[in-house]
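Next come the chains, spelled out residue by residue.
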Amino acid sequence: MNVTRGFTGRPRVLPHSPKGVGGAPITGLPPGQYDAGDDWPVLSAEVTPDLTPAEWTFRIDGLVEEPRTWTWKQAHELPGSVYAGDIHCVTSWSKFGVRFGGVSLDAFLDVVRPHGSGTHAVAYSHTGYTTNLPLADLTGGRAWIAWEYDGEPLAAEHGGPARLLVPHLYFWKSAKWIAGLRILDHDEPGFWEQNGYHARGNPWEEQRYSGD
Amino acid sequence: MTESFTPPTRFAVPGRIAVSESTATLWQTATITEIRRETPHAATFRLAVPRWAGHLPGQHLMLRLTADDGYVAQRHYSIASAPDDSGHIELTLDHVAGGEVSGWFHTVAKPGDEVEVRGPLSGFFAWPGDRPALLIGAGSGVVPLMSMVRHHRVRGLDVPLRLLVSARGPEELIYAREYGAETTPVFTRSAPRGEPVGRIAAAHVAPLLAEQPSGGWEAYVCGSNGFAEHASRLLVAAGQPVDRIRIERFG
Ligand SMILES: Cc1cc2nc3c(=O)[nH]c(=O)nc-3n(C[C@H](O)[C@H](O)[C@H](O)COP(=O)(O)OP(=O)(O)OC[C@H]3O[C@@H](n4cnc5c(N)ncnc54)[C@H](O)[C@@H]3O)c2cc1C
């Protein structure tokens with residue numbers, strides 16, 4: 001350990017408590033993270049698109065039985081679902097007790113029925129942003145298409161009209177302005193992953209950069 | 001399926017260079033060798049990093065401080081210095097009120113102190129010095145852009161480069177003494193006598209986009225999220241293609 005002279009840091013608020021193994025919610029601060037409080041930093045690398053709900057669509061294709069595109073209205077006909085919990089950004093802020101509304105990704109995947117050979121997905125945005133995820137991280141009630149934050153429409157700079165939400169991974173995996181998922185039988189690095197970031201990005205194992 | 005997936009639309013093609021896995025993962029000790037005041041709220045910290053792998057202008061690193069109970073705080077910082085083989089790099093930090101890491105740098109740090117860094121990181125915002133570069137920054141957002149300006153100057157590059165930099169007032173303008181003809185400062189609260197006060201506006205961007213160099217500009221925008229939104233919208237409105245705008249937001 002390389003102690004920095006004279007550095008004490010903020011009062012220690014929360015212990016690291018990566019529970020969650022038996023399905024219990026994971027709470028607390030993952031290693032190397034800090035509590036951003038009421039701040040919600042924006043870190044997208046591209047121009048925020050002017051995308052209206054009427055223009056928004058969401059598609060799942062690739063290794064699935066029935067590829068399908070949903071419009072805003074069709075997506076809203078699926079059963080609603082809420083995520084209330086924490087989010088963690090690789091730039092080292094975490095945000096506690098956030099509340100997103102949308103639809104569980106399971107509801108979309110149940111319609112398209114991924115093939116048994118599908119192991120990974122590339123999520124892509126209406127801007128062309130991409131990020132890769134193991135399919136297992138997108139199923140089982142752990143991922144959402146979210147269009148509400150705190151009961152309000154999701155702001156454009158935070159990915160509105162709708163973003164992918166995979167809160168148990170670093171937040172760059174939760175693609176803003178989500179346009180679709182391509183189901184693949186292999187892992188294919190997305191935008192940040194090609195730029196040196198970790199393929200999976202589990203904050204509890206501090207998988208920030210490839211090689212971590 | 002071997003052919004790789006490309007989404008139907010794409011913004012700025014990723015990565016100007018590949019990021020090395022070994023340098024991105026390895027924490028290295030960096031020793032502060034010099035502290036230079038830039039403005040009342042910003043100072044430059046020169047660090048000796050003997051095994052620094054080198055960087056491209058525009059890249060950043062991750063920096064961590066460790067308390068004696070093992071608690072760590074880590075933040076990203078852009079590299080201010082141009083690439084060279086001195087074994088040193090420079091960072092310029094704003095003193096953020098109540099800031100954990102910038103507070104330590106501005107109130108405790110002195111030459112000889114050691115911190116840890118890993119990087120360089122992210123090839124997306126890097127500028128190898130190849131394409132004409134239109135740089136727009138505000139506050140400490142000018143830091144990665146300054147690395148590009150310095151690189152351009154040190155190497156005597158003749159590829160066009162322009163910098164539009166916004167600061168609250170002349171005394172808050174980081175690197176004020178270093179700018180040359182490539183730079184236009186814009187002051188938002190107070191300006192030298194006879195100069196206008198206000199945000200970067202369409203009127204600043206239009207003349208730059210009018211002098212299109214061959215191949216067009218690669219635009220690099222850096223600063224707070226609010227500034228990045230404002231500046232990138234101005235660029236789009238002035239006709240800069242969305243896929244030629246790279247944005248680094250400090251959060
Ligand atoms: C890619 C990238 C490059 C960057 N490059 C630079 C650069 O070149 N130069 C630069 O100056 N910055 C840069 N930044 C910003 C930098 O990473 C830090 O965010 C900044 O230095 C603030 O960190 P801090 O630890 O000093 O402040 P923090 O401790 O993170 O606090 C930030 C603000 O939140 C408040 N706050 C947060 N939590 C609490 C709490 N629990 N209690 C009280 N107050 C709280 C603080 O009062 C303060 O106002 C960059 C960021 C990114 C993402």
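Residues numbered from 1 in each chain as written. Chains lettered and ligands numbered in written order. Predicted model: local features only at pLDDT ≥ 70, side-chain atom pairs only at ≥ 80, totals over all residues. Heavy atoms only, no water.

An account of the domain arrangement of chain B is requested, with residue identities and associated values reported.
Residue and element names in this part refer to chain B. Under the domain assignment, chain B is made up of domain 1 (24–121) and domain 2 (133–250). Computed from C-alpha atoms alone, the centre-to-centre distance between domain 1 and domain 2 is 24 Å. Counting residues at the interface gives 20 residues for domain 1, matched by 16 residues for domain 2. Summed over the shared surface of domain 1 and domain 2, the number is 0 salt bridges. Our count for the domain 1 to domain 2 interface comes out at 7 residue pairs in polar contact (both at pLDDT 80 or more). When contributions to the side of domain 1 that touches domain 2 are tallied by element, the ones reaching two or more residues are β1 (28–39), β2 (42–48) and β5 (88–94). (Domains from an automatic or database assignment. Contact = heavy atoms within 4.5 Å. Salt bridge = Lys/Arg side-chain N within 4 Å of Asp/Glu carboxyl O. Polar contact = N/O pair within 3.5 Å; in protein donor to acceptor, adjacent residues only side chain to side chain. Helix = DSSP H or I, 4+ residues; strand = E, 2+ residues; numbered from the N terminus.)

Any details on the sheet that holds strand β11 (residues 245–249) of chain B? Residues and values, ideally.
Working definition: the strands of a sheet are paired by backbone hydrogen bonds and lie parallel or antiparallel to each other. All names here are of chain B. Strands sit in the order β9-β8-β7-β10-β11 across an open sheet of 5 strands; the sheet is parallel. The sheet is open, and its two edges are formed by β9 (183–187) and β11, each paired on a single side. When strand polarity is set aside, the average angle formed by the axes of neighbouring strands in this sheet is 15°. Note that strand β7 (residues 133–138) and strand β10 (residues 218–223) share 5 bridges and pair parallel. If you follow Ile136 over to β10, its bridge partner there is Val221. Contacts between helix α4 (residues 202–210) and the sheet are confined to β7, β8 (161–167) and β9, with β8 contributing the most and set at about 175° to the helix. (Pairing = 2+ DSSP bridges. Axes fitted to C-alpha atoms, helices over the stretch in contact; angles between N-to-C directions.)

Give me the lowdown on the site of the ligand, citing residues and values where you can.
Lining the immediate environment of the ligand, one finds 24 residues, of which Arg75(B), His76(B), Tyr77(B), Val101(B) and Ser102(B) sit closest. Looking at the residues close to the ligand, they fall on chains A and B. Backbone polar atom of Ser78(B) to a nitrogen atom of the ligand: 3.1 Å apart, as the coordinates give it. Residue Asp94(B) places a main-chain N or O atom 2.9 Å away from an oxygen atom belonging to the ligand. Protein chains bury 77% of the 960 Å² of accessible surface belonging to the ligand in isolation. The set of elements that each furnish at least two residues to the shell around the ligand consists of β3 (34–35) of chain A together with β4 (72–78), β5, α2 (100–107) and β11 of chain B. By residue number, the principal contributor to the shell around the ligand is β4(B), which donates 4 residues. A breakdown of the residues in the shell around the ligand according to their chemical character gives 9 nonpolar, 8 polar and 7 charged. If you count residues domain by domain, the shell around the ligand takes at least three from each of domain 1 (24–121) and domain 2 (133–250) of chain B. (Near = heavy atom within 4 Å. Areas by Shrake-Rupley, 256 points an atom, 1.4 Å probe, with all protein chains shown as cover. Nonpolar A, V, L, I, M, F, W, Y, C, P; charged D, E, K, R; others polar.)

Report on the confidence of the model for chain A, specifying residues and quantitative values.
The pLDDT averaged across chain A works out to 92; a share of 93% of its residues lies at or above 70. A low-confidence stretch, residues 16–25 of chain A stays under pLDDT 50, and its non-local contacts, those more than four residues away or across chains, total 12 contacts. (pLDDT = per-residue confidence, 0-100.)

Please give an account of helix α5 (residues 225–237) of chain B that cites residues and values.
Residue and element names in this part refer to chain B. With 13 residues, α5 extends 18 Å from end C-alpha to end C-alpha; this agrees with the ideal 18 Å at 1.5 Å per step. When α5 is considered as a whole, its buried residues turn out to be Asn225, Phe227, Ala228, Glu229, His230, Ala231, Ser232, Leu234 and Leu235. In the core, the buried residues of α5 are packed alongside β7, β8, α4, β10 and β11. Trailing α5 by a residue or two, Gly239 shows a phi angle of about 105°, which is positive. (Expected span 1.5 Å × (residues − 1). Buried < 20%, exposed > 50% of the residue type's maximum accessible area, 1.4 Å probe, protein only.)

Can you tell me about the nonpolar core, naming the residues and giving the values?
With 46 residues, the main nonpolar core has Phe58(A), Ile60(A), Leu105(A), Phe108(A), Leu138(A), Ile145(A) and Leu164(A) as its most contacted residues. For this core, the secondary-structure elements that each account for two or more residues are β4 (57–62), α2 (105–112), β8 (120–125), β10 (144–149), β13 (178–184) and α3 (191–194) of chain A. Of all the elements, α2(A) adds the most residues to this core, at 5 residues. Within the second largest apolar cluster, 25 residues are counted, among which are Phe7(A), Ile32(B), Ala73(B) and Phe105(B). (Core = buried A, V, L, I, M, F, W, Y, C linked by side-chain atoms within 4.5 Å.)

Before we move on, could you go through the sheet that holds β4(A) and cite the residues and values that matter?
Residues and elements named next belong to chain A. Taken in spatial order, the 5 strands make up an open sheet running β5-β4-β13-β8-β9, and their pairing is mixed. What marks the edges here is a single partner per strand, and that holds for β5 (68–71) and β9 (130–134). Within the sheet, the average angular offset between the axes of one strand and its neighbour, ignoring direction, is 15°.

Tell me about the confidence of the model for chain B, and please be specific about residues and values.
Mean pLDDT over chain B stands at 92; residues scoring 70 or higher make up 93%. Across the whole predicted complex the pTM is 0.90, and at the interface the ipTM reaches 0.86.

So what's going on with the UniProt feature "domain: Oxidoreductase molybdopterin-binding" (unreviewed entry) in chain A? Residues and values would help.
The positions UniProt marks with the feature "domain: Oxidoreductase molybdopterin-binding" (unreviewed entry) are residues 48–192 of chain A. Across residues 48–192 of chain A, helical content stands at 10% and strand content at 41%; the span's end C-alpha atoms are separated by 17 Å. (UniProt positions renumbered as here; feature names shortened; annotations may be inferred.)

Break down the environment of Pro114(A) for me, with residues and values.
Residues and elements named next belong to chain A. In this fold, Pro114 is placed in the loop between α2 and β8. Classification of Pro114 as partly exposed rests on a relative accessible area of 30%. It is 25 Å that separates the C-alpha atoms of Pro114 and Phe100, two residues lying 14 residues apart in sequence. Excluding its chain neighbours within four sequence positions, the residues that come into contact with Pro114 are Leu63, Val64, Leu109 and Leu135.

Quick rundown of the interface of chain A and chain B? Include the residues and the values.
Contacts between the two partners involve 52 residues from chain A, matched on the other side by 58 residues from chain B. Roughly 4500 Å² of surface becomes buried between chain A and chain B when both sides are summed, with 55% attributable to carbon and sulfur atoms. Considering only the surface of chain A that becomes buried against chain B, Arg5(A), Phe7(A) and Val47(A) emerge as the three largest contributors, covering 15% of it. Run the count over chain A and chain B and you get 4 salt bridges. Between Glu100(B) and Arg10(A) there is a salt bridge, and its shortest N-O distance comes to 3.9 Å. (Buried area = accessible area lost by both parts, 1.4 Å probe.)

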